[in-house]
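Descriptive structure summary
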Amino acid sequence: MNEIRDAILAGQFDAVGGLAVPESYRAVLVRKDEQDMFEGMPTKEKDPRKSLHVEEVPTPELGPGEAIVAVMASSVNYNTVWTSIFEPVSTFGFLERYGKLSELTKRHDLPYHVVGSDLAGVVLRVGPGVNKWKPGDEVVAHCLSVELEDPAGHDDTMMDPQQRIWGFETNFGGLADLALVKSNQLMPKPAHLSWEEAAAPGLVNSTAYRQLVSHNGANMKQGDVVLIWGASGGLGSYATQMALNGGAIPVCVVSSPEKAGIVRSLGAELIIDRSEEGYQFWKDENNQDPKEWQRLGKKIRELTGGDDVDIVFEHPGRDTFGASVYVAKKGGTIVTCASTTGYMHQFDNRYLWMNLKRIIGSHFANYKEAWEANRLIDRGLIHPTLSKVYSMEDVGQAAYDVHRNLHQGKVGVLTLAPEEGLGVRDQEKREKHLTAINRFRGV
Ligand code: NAP
C-alpha cells in the first residue's frame with residue numbers, strides 16, 4: 001500500500017496501474033457479531049466510537065464493470081451514523097439480500113461491513129468492460145449502485161429495482177484505503193481541491209441537487225422562497241448554496257448564532273435560529289401545536305416581506321414535518337429525503353389537499369444528477385463545506401460528532417493521504433475560490 005500511496009503523492013499517476021493490488025487493506029467497519037450491542041438503549045446514547053473499528057480486511061475480487069480505487073480521503077455521512085448505531089435496521093440485512101442476487105454479489109455478504117459513501121482517490125484497476133476510466137485517473141465517486149438489468153431503471157436510474165447506496169447497502173465502502181465501486185460511480189476529481197475537500201460534497205451535494213434543483217425533485221426556479229432545515233448541516237449547506245446561485249430566496253433554519261454566522265457567510269440573509277425562537281411543534285408525544293406552526297409561518301413572512309414558502313427542503317422528519325406542510329404556500333412543494341428525528345410523520349392533511357400542496361419523496365441522485373452536482377463543484381459554483389478533518393483511527397469520534405449534531409457542514413477523513421492539503425492540481429483556480437473553500441474550516 002505504501003508504494004501506491006508514494007506514487008500518488010509523487011504525482012506518478014501513470015505508474016499506479018503497474019503496481020500490485022495489495023491482498024488486504026485498512027478499513028472502517030462494523031461487525032455482524034456486534035449488531036445487537038446497543039439493543040434497548042435510547043438512540044442518542046448509542047455511541048459510534050464503540051461500534052466502528054479500523055481493521056485489515058481482504059481485498060475483494062474485481063468484477064466486470066467495476067474499479068478498485070486507492071482512496072486518499074473520504075467523509076462521514078449520516079448513513080455511517082445509521083450503520084454504526086444499527087438503526088433503523090442493521091445494515092447486515094442489506095448485505096445478505098444483495099449477496100443473494102448473483103455469484104458476484106455474494107462477495108458483499110460478510111461478517112463485517114466496510115462503510116463510507118464518499119471518496120476521492122486514484123483508480124488502481126478496472127474490471128472487464130470498463131473503457132471510460134483507467135488506472136491513474138484522479139476521481140471522486142458518487143454512491144449510487146445499480147444493476148440496470150430491469151427496464152424500470154432505464155429512464156431514471158434511481159428507479160432501478162436493484163438500486164443501492166454504496167457503502168451503506170453494499171460492502172467495500174469509501175472509509176478505507178481501497179474501495180470497490182462500479183465504474184459508473186466514477187466522476188473526475190475537481191483539480192482545485194485537496195483530496196479531503198474533493199471527498200466531502202459527493203453524497204450530500206448530489207442529494208441536494210436532485211431534491212431541490214432536478215425535475216425529479218422540486219425543480220426550483222428563480223425567485224422561489226425555499227425553507228431549508230438544517231441549513232448549515234451536510235445537506236443544508238449545499239441546498240443553501242444551490243438556492244443562492246439559482247436565484248432563489250433561501251430561508252435558512254439553524255440552531256445557534258454560530259450556525260447562523262456560517263450560513264450568513266454563504267450569502268444567506270433570511271435566517272431563523274430555531275433554538276432562539278424556541279419552537280415547540282409537539283405538545284406531547286402524540287399531539288402537535290398548530291399555533292407553533294403559525295408562529296413559524298409568521299416569522300417566515302416577516303423575513304420575506306410577506307411571501308410564503310414555495311419549497312420546503314425537508315429531512316428532520318417527525319419533529320418538523322407538520323410545520324413544513326403548514327408553511328408551504330398554496331400549490332407549494334414539500335420535498336423530503338429523510339426522517340432523522342423519526343419516520344412516522346404526522347401532519348394536518350387539510351392544509352395539504354385544500355391548498356393543493358405536493359409532497360415529493362427524493363432519494364440520492366442518478367448518475368446524471370450526481371455528475372451535474374460534481375460539475376458545479378468543479379466549476380467553482382458550489383464549494384465544499386468541510387469543517388473538520390479526522391484521521392481514520394478517529395472516525396468513531398467523527399461519526400459521534402455528526403450523531404450528536406456537534407459538527408458543521410461536512411467532516412472529512414484522511415485515508416491514504418498522510419496530511420491535509422494534498423492533491424491540488426490547479427493552484428490558479430484554487431486561489432480564485434480560496435475564501436469560499438475555507439468558509440467552514442475550523443468553525
Ligand atoms: P447533518 O449534517 O447532521 O445535518 C442535519 C441538520 O438537521 C442538523 O445540522 C440540524 O441543524 C438539523 N436538525 C437536527 N435535528 C433537528 C430538529 N429536531 N429540527 C430541525 N432541524 C434539525 O445531516 P445531513 O447529512 O444533512 O443528513 C440529514 C438527514 O438526511 C439524515 O437523516 C441522513 O441520513 C439523510 N440523508 C438522506 C439522503 C438520501 O439520499 N435519502 C442523503 C443524505 C442524507 P440545526 O441544529 O442547525 O437546526
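Residues numbered from 1 in each chain as written. Predicted model: local features only at pLDDT ≥ 70, side-chain atom pairs only at ≥ 80, totals over all residues. Heavy atoms only, no water.

1. A short note on the domain arrangement of the protein chain
Note the following rule: For the domains described, the bounds stem from an automatic or database domain assignment. What counts as buried area is the accessible surface, traced by a 1.4 Å probe, that two parts surrender upon association, with contributions from both included.
For the protein chain, the assigned domains are domain 1 (2–204 + 365–437) and domain 2 (218–361). For domain 1 and domain 2, the distance between their C-alpha centres works out to 30 Å. When domain 1 packs against domain 2, close to 1,200 Å² is buried across both sides, 58% of that on carbon and sulfur atoms. It is Val-204, Ile-382 and Gln-408 that lose the most area in domain 1 upon contact with domain 2, and together they represent 41% of the buried surface on that side.

2. Some thoughts on helix α4 (residues 78–85)
To keep it simple, the criterion reads: Accessibility here uses a 1.4 Å probe with only protein chains present; expressed as a share of the type maximum, an area under 20% marks a residue as buried, one over 50% as exposed, and anything in between as partly exposed. The way it works is that DSSP assigns letters per residue, a run of H or I at least four long becomes a helix, a run of E at least two long becomes a strand, and they are numbered from the N terminus. In this analysis, two residues are considered to be in contact whenever any of their non-hydrogen atoms come within 4.5 Å of each other.
Within α4, seven of the eight residues are buried, which leaves the element mostly enclosed by the surrounding structure. Turning to α4, its buried residues are Asn-79, Thr-80, Val-81, Trp-82, Thr-83, Ser-84 and Ile-85. Of the surrounding elements, those touching the buried residues of α4 are β1 (24–31), α3 (48–51), β4 (112–114), β8 (164–165), α7 (202–213) and α15 (395–403). Remark: Phe-86 follows α4 within two positions and exhibits a positive phi of approximately 55°.

3. Considerations on the side chain of Thr-91
Put simply, the test is: Polar contact is defined as a pair of N or O atoms within 3.5 Å, subject to the rule that within protein one atom must be able to donate a hydrogen and the other to accept it, and that residues adjacent in sequence are counted only when both atoms are side-chain atoms.
Take Thr-91: it is sitting in the loop between α4 and α5 (92–99). Of the polar contacts made by the side chain of Thr-91, one reaches the side chain of His-113; its length is 2.9 Å. Beyond its immediate sequence surroundings of up to four residues, Thr-91 is in contact with Thr-83, His-113 and Phe-168.

4. Topic: the side chain of Ser-117
Along the chain, the position of Ser-117 falls in the loop between β4 and β5 (119–126). A polar contact is formed between the side chain of Ser-117 and the side chain of Asn-79, at a distance of 3.0 Å. Within the structure, Ser-117 has its side chain in polar contact with the backbone oxygen of Trp-166 (distance 2.6 Å). Beyond its immediate sequence surroundings of up to four residues, Ser-117 is in contact with Asn-77, Asn-79, Ala-141, Cys-143, Ile-165, Trp-166, Gly-167, Phe-168 and Leu-203.

5. What to know about the sheet that holds strand β2 (residues 53–58)
Short version of the rule: Here, any two strands with at least 2 DSSP bridges between them count as paired. All axes are obtained by fitting lines to C-alpha atoms, using only the stretch in contact for helices, and the reported angles, taken between N-to-C directions, cover 0 to 180 degrees.
Spatially, β2-β1-β4 is the arrangement adopted by the three strands of the open sheet, whose pairing is antiparallel. The two strands at the open ends of the sheet, each matched to only one other strand, are β2 and β4. Neighbour-to-neighbour, the strand axes of this sheet turn through a mean angle of 60°, independent of strand direction. In the sheet, β1 pairs with β4 via three bridges, with the strands oriented antiparallel.

6. Some thoughts on the pairing of strand β18 (residues 410–414)
Where a strand is regular, its side chains alternate between the two sheet faces. Test applied: Handedness of a crossover is defined as follows: with both strands directed away from the viewer, a clockwise route from the first strand across the helix to the second makes it right-handed.
Of all five residues in β18, five are buried; the element is thus mostly enclosed. Here β18 shows two buried faces, one formed by Lys-410, Gly-412 and Leu-414 and the other by Val-411 and Val-413. Pairing of strand β17 (residues 386–391) with β18 involves five bridges; the strand directions are parallel. Across the sheet, residue Val-389 finds its bridge partner in β18, namely Gly-412. In the classification by handedness, the crossover that spans β17, the intervening α15 and the parallel β18 is right-handed.

7. Here's the deal with helix α8 (residues 234–245)
Under the convention used in this document: Helices are assigned an expected span. That span is 1.5 Å times one less than the residue count.
The end-to-end C-alpha distance of α8 is 18 Å, a good match for the 16 Å that 12 residues give at a rise of 1.5 Å each. With 10 of its 12 residues buried, α8 lies for the most part within the structure. Among the residues of α8, Gly-234, Leu-235, Gly-236, Ser-237, Tyr-238, Ala-239, Thr-240, Gln-241, Met-242 and Ala-243 are the ones counted as buried. Downstream of α8 by a residue or two, Gly-247 has a phi angle that is positive, lying close to 80°.

8. Quick notes on the site of the ligand
What counts here: Whether a residue is near a molecule or strand depends on its heavy atoms: if one lies within 4 Å, it is near. Each residue is assigned to one of three groups, with Ala, Val, Leu, Ile, Met, Phe, Trp, Tyr, Cys and Pro labelled nonpolar, Asp, Glu, Lys and Arg labelled charged, and all others, Gly among them, labelled polar.
Around the ligand lies a shell of 26 residues, among which Gly-234, Ser-255, Arg-274, Phe-364 and His-407 are the nearest. Lys-259 places a polar side-chain atom, nitrogen or oxygen, 3.3 Å from an oxygen atom of the ligand. At 2.7 Å, a side-chain N or O of Arg-274 approaches an oxygen atom of the ligand. Elements represented by at least two residues in the shell around the ligand include exactly α4, α7 and α8. When the residues that make up the shell around the ligand are grouped by side-chain class, the tally is 11 nonpolar, 12 polar and three charged.

9. Here we look at the packing of α7 against α8
Relative placement of two packed helices is described by the angle separating their axes and the distance separating the axes. Spelled out, the test is: Under this scheme an angle from 65 to 115 degrees is roughly perpendicular, one under 35 degrees roughly parallel, and one over 145 degrees roughly antiparallel; angles in between are oblique. Left-handed describes a crossing whose near helix is turned anticlockwise from the far helix through less than a right angle; right-handed describes the clockwise counterpart.
Between α7 and α8, the shortest axis-to-axis distance is 8 Å and the interhelical angle comes to 50°. By the angle between their directions, the pair α7 and α8 is classed as oblique. For the pair α7 and α8, the crossing hand works out as right-handed. Taken together, the residues of α8 that come into contact with α7 (itself represented by Val-204, Asn-205, Thr-207, Ala-208, Tyr-209, Leu-212 and Val-213) are Gly-234, Leu-235, Tyr-238, Ala-239, Met-242 and Ala-243.

10. A short note on the environment of Gln-241
By the element assignment, Gln-241 lies in helix α8. The exposure class of Gln-241 is buried, given its relative accessible area of 8%. Note: C-alpha distance between Gln-241 and Glu-197 (44 residues apart in sequence) is 16 Å. Contacts of Gln-241, omitting those with residues within four sequence positions, involve Leu-266, Ile-382, His-383 and Thr-385.

11. A closer look at the pattern of salt bridges
Condition: For this analysis, a salt bridge means a side-chain nitrogen from Lys or Arg found within 4 Å of a carboxyl oxygen belonging to Asp or Glu.
If you walk through the whole model with that rule in mind, you get 27 salt bridges. The salt bridge partner of Asp-118 is Lys-410, with a shortest N-O separation of 3.5 Å. Pair noted here: Asp-118 is in the loop between β4 and β5 and Lys-410 is in strand β18, with a separation of 292 residues, a long-range link. Accessibility classification places Asp-118 together with Lys-410 in one group, the buried group. Among the salt bridges present, the one from Glu-292 reaches Arg-295, with a minimum N-O distance of 3.0 Å. Linking Glu-292 with Arg-295, this pair stays in helix α11 (residues 290–304), spanning three residues, or about one helical turn. Through salt bridges with shared partners, a single network forms among Glu-277, Glu-292, Arg-295 and Lys-299.

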